[in-house]
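Chain by chain, the residues:
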Amino acid sequence: MNGQRVLLVDDEEELRRSTAQALELFGLTVQTFSHADHVLELTGFGFDGVVVSDIRMPGIDGMTLLQRIRELDAEIPVILVTGHGDVQLAVKAMREGAYDFLEKPFTPQHLAGIIRRALDRRGLVLENRRLRAVAGKRDDVEARLPGRTQVMVDLRYRIRAIGATDADTLIIGETGAGKEVVARALHDVSTRANRPFIAINCAALPENLIESELFGHEAGAFPGALRPRYGKFEHGRGGTILLDEIGSMPVDLQAKFLRVLQERVITRLGSNETVPLDVRFIATSKVDLEAEVAAGRFRADLFYRLNVATIHVPSLMQRRADIPLLFLQLVREAAARYGREDVDVPADVISAVAQRDWPGNVRELRNAADRLVLGLDPKPGETAGAAKDGAGRLADKVAAFERNLIAGEIAAHGGALRPVYESLGISRKTLYEKMQKYGLDKKLLGPEHMLQDDRES
């Protein structure tokens, strides 16, 4: 259990302190939190511990925390602590993926036993992932950024290569393409994986408090500053700080941030003393920062300082062949999130989804998967696909339809080819020829199915 931690969340200070002390007597390493915000900054694919949380809390309650953690990594054990009246809620949480729950009052020995089993399970999950990665099988990065198109293979390669370093990184991509997912993956494959991951939306920072939010302040630094406060930069020490949409950062603040990047120190408002800052910075942008530099809206020196390592996240249109499998994965995730049975997605729906343009990228595709699971949109993409049919040559439209229909059938059958050519009423040889013609050869197949179809040949 080396290095494994227990993150304990409870808004009742006395109960939180006594529980932590009791668990430490059982040899467990415990970090305590009065609210759930900071817990989300410490959890992710690289987190090797367990979360224990009360259900009833102000702000982010235990159920919401469970949901958010499962979005980061569904295999992080979350143990919920419930009062007598919350047992039905806790049972619901178990169905939604909680590891276990305890009803108050409980003995520390009982809780410690559950935690030890959960830590053992988490250790096995992480070890299994490492072994799969060594064996060349699908790893954490591919699980979060799936796709067999070359642009996605290249993206994952850059994440693994850059993530292992401490290089500050600039991530460029369209809205909804997955820039924050890439940033989180960079953090989780780094040596900082068990330290905080602080996401800062530069466009949403309050203009009159932006410096205090980032750098912190001393008591009396400005009216209303009654006590000292750590800023977000200082709170992220040892970890990773994500500056989302850095192009929105005010020009006057860019100069101060440049100094932080260069010298790795900050000065709180109202203080003359510098504070060392051990963090890695990742910035994202949906706009061309070089154009912003030319227009005088972004500092050239800051751009070149950030541009040491750059990752371009492809849009869905740049990896259209990935859409069928990606949509099916998002449907499975949505079904698990909403506690629904697995949804059988018809091939014509997958084909319609594959034909659509998705200007909102993965975010828009995820929303379509959610609506499908909830029964709000039984045929996502059909209308938009039909609207496109009025333009273009007939031969091109027929070829596009045939390509997407084959891609949809392959995805719908999990990569097994026999049911594909049987359902389409064509021979195996014809299917292989069409896959080659449309660039579908082995791009939509998982490794396990490739082996199966090789044997069939």
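Everything here concerns the structure above.
Source: prediction; values computed, not measured.

1. Side note on the overall build of the protein chain
- Looking only at helices and strands, one finds 21 helices and twelve strands in the protein chain.
- Here the protein chain holds 457 residues, and the buried ones make up 48% of them.
- Contacts in the protein chain between residues at least 24 apart in sequence constitute 70% of all its contacts with a sequence separation of at least 6.
- Carbon and sulfur atoms make up 51% of the accessible area of the protein chain, which amounts to about 22000 Å² in all.

2. Brief notes about the side chain of His217
- By secondary structure assignment, the location of His217 is in the loop between helix 9 (210–215) and helix 10 (232–235).
- Since its relative accessible area comes to 6%, His217 is described here as buried.
- In this structure the side chain of His217 is engaged in a polar contact, spanning 3.3 Å, whose partner is the backbone oxygen of Arg227.
- With residues up to four places along the chain from it excluded, the contact list for His217 reads Ser212, Phe222, Ala225, Arg227, Pro228, Arg229, Arg268 and Leu269.

3. Some points on the packing of aromatic side chains
- All chains considered together, the criterion is met by five aromatic pairs.
- Ring centres 5.4 Å apart and planes at 80° place the aromatic pair Phe233 and Phe281 in the edge-to-face group. Here Phe281 lies in strand 11 (residues 280–285) and Phe233 lies in helix 10, a separation of 48 residues in the sequence. Per residue, the accessibility class of Phe233 equals that of Phe281, and both read buried.
- Summarising the aromatic geometry, the rings of Phe257 and Phe281 are spaced 5.1 Å apart at their centres and angled 85° between planes, so their arrangement reads as edge-to-face. On the criterion of sequence distance, the pair formed by Phe257 in helix 11 (residues 251–263) and Phe281 in strand 11 is long-range, its members being 24 residues apart.
- Here the aromatic cluster, defined as three or more aromatic residues joined through ring pairs, consists of Phe215, Phe233, Phe257 and Phe281.

4. Focus: unusual backbone geometry
- Of note, the amide linkage connecting Lys104 to Pro105 takes the cis form, showing an omega dihedral of -10°.
- Residues other than glycine seldom take positive phi values, yet Arg264 does so here, at roughly 55°.
- With phi around 60°, Asn361 is a residue other than glycine that occupies positive phi space.
- Residue placement: Asn361 occurs in helix 16 (residues 361–373).
- The exposure class assigned to Asn361 is buried, which follows from its relative accessible area of 1%.

5. Focus: helix 16
- End to end, helix 16 covers 19 Å across 13 residues, agreeing with the expected 18 Å (1.5 Å per residue, within 8%).
- Within helix 16 the residues assigned to the buried category are Asn361, Val362, Glu364, Leu365, Ala368, Ala369, Asp370, Leu372 and Val373.
- Buried positions along helix 16 lie against helix 14 (323–337) and helix 15 (347–355).
- Looking at the residues trailing helix 16, positive phi occurs at Gly375, about 80°.

6. Things to note about the environment of Val52
- Tracing the chain through its elements places Val52 in strand 3 (residues 50–54).
- Taking relative accessible area as the criterion, Val52 reaches 1% and is therefore assigned buried.
- Once the C-alpha coordinates of Val52 and Val6 are considered, the two residues, 46 residues apart in sequence, prove to be 7.0 Å apart.
- When near neighbours in sequence (up to four residues on either side) are disregarded, Val52 contacts Val6, Leu7, Leu8, Val9, Ile79, Val81, Leu111 and Ile115.

7. Describing the packing of helix 14 against helix 16
- Where helix 14 meets helix 16, the closest approach of the two axes is 8 Å, and the angle between their N-to-C directions is 55°. It follows that helix 14 is oblique to helix 16 by the angle criterion. Here the hand of the crossing between helix 14 and helix 16 comes out right-handed. Seen from helix 14, the contacting residues are Ile323, Leu326, Phe327, Leu330, Val331, Ala334, Ala335 and Arg337; seen from helix 16, they are Val362, Leu365, Arg366, Ala368, Ala369, Asp370, Leu372 and Val373.
- Of the residues in the contact of helix 14 with helix 16, the class split is 13 nonpolar, no polar and three charged.

8. Topic: the pattern of salt bridges
- Scanning all chains against the criterion turns up 24 salt bridges.
- Glu218 is paired through a salt bridge with Arg268; the nearest N and O atoms lie 3.0 Å apart. One end of the pair, Glu218, is in the loop between helix 9 and helix 10; the other, Arg268, is in the loop between strand 9 (265–267) and strand 10 (274–276), and 50 residues separate them in sequence.
- Owing to a relative accessible area of 17%, Arg268 belongs among the buried residues under this scheme.
- The residue Glu234 makes a salt bridge to Arg268 at a minimum N-O spacing of 2.6 Å. Placement of the pair is Glu234 in helix 10 and Arg268 in the loop between strand 9 and strand 10, with a sequence separation of 34 residues.
- When salt bridges with common partners are traced through the structure, they connect Glu218, Glu234, Arg237 and Arg268 into a single cluster.

9. Quick notes on the sheet that holds strand 8 (residues 240–244)
- Ordered in space as 7-8-11-6-12, the five strands form an open sheet in which the pairing is parallel. Since the sheet does not close on itself, it has two edges, and those belong to strand 7 (197–201) and strand 12 (309–313), each with one partner. Sheet twist, expressed as the average angle between the axes of neighbouring strands with direction ignored, equals 20°.
- With five bridges connecting them, strand 7 and strand 8 associate as parallel partners. The residue of strand 8 that forms the bridge with Ala199 is Leu242.
- On the sheet, helix 7 (residues 150–163) packs against strand 6 (169–173), strand 11 and strand 12 and is oriented at approximately 155° with respect to strand 12.
- Here helix 8 (residues 179–188) sits on the sheet and contacts strand 6, strand 7, strand 8, strand 11 and strand 12; the angle it forms with strand 6, its principal contact strand, is near 155°.

10. Quick word on the environment of Arg418
- Structurally, Arg418 is set in helix 19 (residues 418–424).
- Among the residues examined, Arg418 registers a relative accessible area of 39% and is labelled partly exposed.
- Separated by ten residues in sequence, Arg418 and Arg428 place their C-alpha atoms 7.4 Å apart.

Thresholds, definitions, all that
- Residues numbered from 1 in each chain as written.
- Predicted model: local features only at pLDDT ≥ 70, side-chain atom pairs only at ≥ 80, totals over all residues.
- Heavy atoms only, no water.
- Helix = DSSP H or I, 4+ residues; strand = E, 2+ residues; numbered from the N terminus.
- Buried < 20%, exposed > 50% of the residue type's maximum accessible area, 1.4 Å probe, protein only.
- Contact = heavy atoms within 4.5 Å.
- Areas by Shrake-Rupley, 256 points an atom, 1.4 Å probe, with all protein chains shown as cover.
- Polar contact = N/O pair within 3.5 Å; in protein donor to acceptor, adjacent residues only side chain to side chain.
- Phe/Tyr/Trp six-rings, centres within 6.5 Å; stacked < 30°, edge-to-face > 60°.
- Expected span 1.5 Å × (residues − 1).
- Axes fitted to C-alpha atoms, helices over the stretch in contact; angles between N-to-C directions.
- Parallel < 35°, antiparallel > 145°, perpendicular 65-115°, else oblique.
- Left-handed = near helix turned anticlockwise from the far one by under 90°.
- Nonpolar A, V, L, I, M, F, W, Y, C, P; charged D, E, K, R; others polar.
- Salt bridge = Lys/Arg side-chain N within 4 Å of Asp/Glu carboxyl O.
- Pairing = 2+ DSSP bridges.

These figures come from the coordinates and say nothing about function on their own.
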